[in-house]
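Observations on chain architecture
Residue strings, one per chain:
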Amino acid sequence: MKTKTVVFKSANDLYEFNRQAERCKTDIRVKTPSGTYDFDAKTLLGLFFALSLPSIDVNYDESESEFDEYLTSLERTE
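A short tour of the structure in this document, coming up. (Residues numbered from 1 in each chain as written. Predicted model: local features only at pLDDT ≥ 70, side-chain atom pairs only at ≥ 80, totals over all residues. Heavy atoms only, no water.)

1. Comments concerning the sheet that holds strand S1 (residues 2-6)
Read across the sheet, four strands follow the order S1-S4-S2-S3 without closing on themselves; strand pairing throughout is antiparallel. Across the chains shown, the open sheet's two edge strands, defined by having one partner strand only, are S1 and strand S3 (38-40). When strand polarity is set aside, the average angle formed by the axes of neighbouring strands in this sheet is 25°. When S1 meets strand S4 (residues 56-60), the two strands line up antiparallel, connected through five bridges. When the bridges of S4 are listed, Val 6 appears paired with Ile 56. (Pairing = 2+ DSSP bridges. Helix = DSSP H or I, 4+ residues; strand = E, 2+ residues; numbered from the N terminus. Axes fitted to C-alpha atoms, helices over the stretch in contact; angles between N-to-C directions.)

Given below as structure tokens:
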């Protein structure tokens, strides 16, 4: 499993993230940095609360190279 920390700047970012996750053959999990919430990234309704968070951690299989490339555009930069 691979993990990246991402930030959604708009609802469009969140919608596109969900669309990209749905294209993956493996499970994509989204967690808050504290670990309080853990849900399936392919469920749009579950993602909506993520807009109010400063960042989320995305866990996915290394075989999802296209998804990995997409996440780079959302990756949190310090």
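2. Considering a nonpolar patch on the surface
A surface patch of nonpolar side chains, amounting to about 310 Å² of accessible area, comprises Leu 45, Phe 48 and Leu 51. Turning to its location among the elements, Phe 48 is positioned in the loop between helix H2 (44-47) and S4. (Patch = residues over 30% accessible without salt bridge, like charges linked within 9 Å, V, L, I, M, F, W, Y side chains within 5 Å. Areas by Shrake-Rupley, 256 points an atom, 1.4 Å probe, with all protein chains shown as cover. Salt bridge = Lys/Arg side-chain N within 4 Å of Asp/Glu carboxyl O.)

3. Thoughts on the packing of helix H1 (residues 11-22) against helix H3 (residues 65-72)
Direction vectors running N to C along H1 and H3 enclose 165°, while the axes themselves pass 10 Å from each other. In this view, H1 runs roughly antiparallel relative to H3, as classed from their interaxial angle. As H1 packs across H3, the resulting crossing turns out to be left-handed. Here H1 contributes Asp 13, Glu 16, Phe 17, Gln 20 and Ala 21 to the contact with H3, which in turn contributes Phe 67, Tyr 70 and Leu 71. In terms of residue class, the contact of H1 with H3 is built from five nonpolar, one polar and two charged. (Parallel < 35°, antiparallel > 145°, perpendicular 65-115°, else oblique. Left-handed = near helix turned anticlockwise from the far one by under 90°. Contact = heavy atoms within 4.5 Å. Nonpolar A, V, L, I, M, F, W, Y, C, P; charged D, E, K, R; others polar.)

Function cannot be read off these values alone, since they describe shape.
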